[in-house]
Amino acid sequence: MPDNEQEYISESGGRMRLEVLVAAPPTSKCKKVIGLMEEMAAAYPGKIKLDIYYAGEQLTVKPPRGYQVEGKSKKIPSSFVNGLQVASGEIPDAEELRKIVAREVSKREEFWER
């Protein structure tokens, strides 16, 4: 598995996506966002896949629709939960992020961006 990808796979094999776009090399703000998203992924073992994209580097996985729709206008750092942008150019609020992740994970797996 590439260094920029962490997997938390559900029993059925489905994984909801968490994604972050950060600077290369990551700034202190980017590192905080990565850490926060790693915490969110670890809170749901078996259900979440975390992808970390580094600005200017070739993507190693195909991002979901929500990430692609934002196009080149994404600010660094940017955070996405199940294809929904939750922060752009800032560190997401931890409590709000927890609520969003919980809401998206609670959806049936067929509604997860993969």
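This structure is a prediction, so every number in the text was calculated from the model and none was measured.

**Student:** What should I look at first to understand the overall build of the protein chain in this one?
**Tutor:** In terms of regular secondary structure, the protein chain is built from three helices and five strands. Scanning the protein chain from its N terminus toward the C terminus, one meets helices and strands in the order β-β-α-β-α-β-β-α. Counting all 114 residues of the protein chain, 43% fall into the buried class. Just so you have it, the protein chain exposes about 6,300 Å², and 50% of that area is on carbon and sulfur atoms.

**Student:** Just checking my understanding: could you explain the confidence of the model for the protein chain for this structure?
**Tutor:** The predicted structure's coordinates, where accompanied by low pLDDT, should not be read in detail. Averaged over every residue, the pLDDT of the protein chain is 82; the share at 70 or more is 74%. Within the protein chain, helix α1 (residues 28-42) carries the highest mean pLDDT (96), whereas strand β1 (residues 5-7) carries the lowest (47). Long-range and interchain partners of residues 5-12, a stretch whose pLDDT sits below 50, account for 33 contacts in this model, where long-range means more than four residues apart.

**Student:** Where do I start with helix α3 (residues 94-106) in this structure?
**Tutor:** Residue pairs three or four apart in sequence face the same way in an α-helix, which turns once every 3.6 residues. A rise of 1.5 Å per residue sets the reference length of α3, with its 13 residues, at 18 Å; its end C-alpha atoms lie 18 Å apart and thus fit the reference within 8%. Lining the buried residues of α3 we find β2 (16-22), α1, β3 (48-54), β4 (78-81) and β5 (84-88).

**Student:** Please clarify how the pairing of β2 should be interpreted in this entry.
**Tutor:** Side-chain positions along a regular strand alternate between the two faces of the sheet. Most of β2 is tucked away, with seven of its seven residues classed as buried. The pairing of β2 with β3 spans seven bridges and is parallel. Bridging from a neighbouring strand, Leu21 pairs with Tyr53 of β3. Crossover handedness for the path β2 to α1 to β3: right-handed.

**Student:** Please clarify how the nonpolar core should be interpreted in this entry.
**Tutor:** One recurring pattern in soluble globular proteins: nonpolar side chains tend to sit buried together. Counting 20 residues, the largest nonpolar core has Leu18, Met37, Val81 and Val101 as its most contacted members. Of all elements in the fold, only β2, α1, β3 and α3 reach the threshold of two or more residues within this core. With seven residues, α1 is the single largest residue contributor to this core. When residues no more than four places from it in sequence are discounted, the contact partners of Val81 are Met16, Arg17, Leu18, Met37, Val86, Leu97, Ile100, Val101 and Glu104.

What counts, and where the lines are drawn
Residues numbered from 1 in each chain as written. Predicted model: local features only at pLDDT ≥ 70, side-chain atom pairs only at ≥ 80, totals over all residues. Heavy atoms only, no water. Helix = DSSP H or I, 4+ residues; strand = E, 2+ residues; numbered from the N terminus. Buried < 20%, exposed > 50% of the residue type's maximum accessible area, 1.4 Å probe, protein only. Areas by Shrake-Rupley, 256 points an atom, 1.4 Å probe, with all protein chains shown as cover. pLDDT = per-residue confidence, 0-100. Contact = heavy atoms within 4.5 Å. Expected span 1.5 Å × (residues − 1). Pairing = 2+ DSSP bridges. Right-handed = clockwise from strand over helix to strand, strands pointing away. Core = buried A, V, L, I, M, F, W, Y, C linked by side-chain atoms within 4.5 Å.

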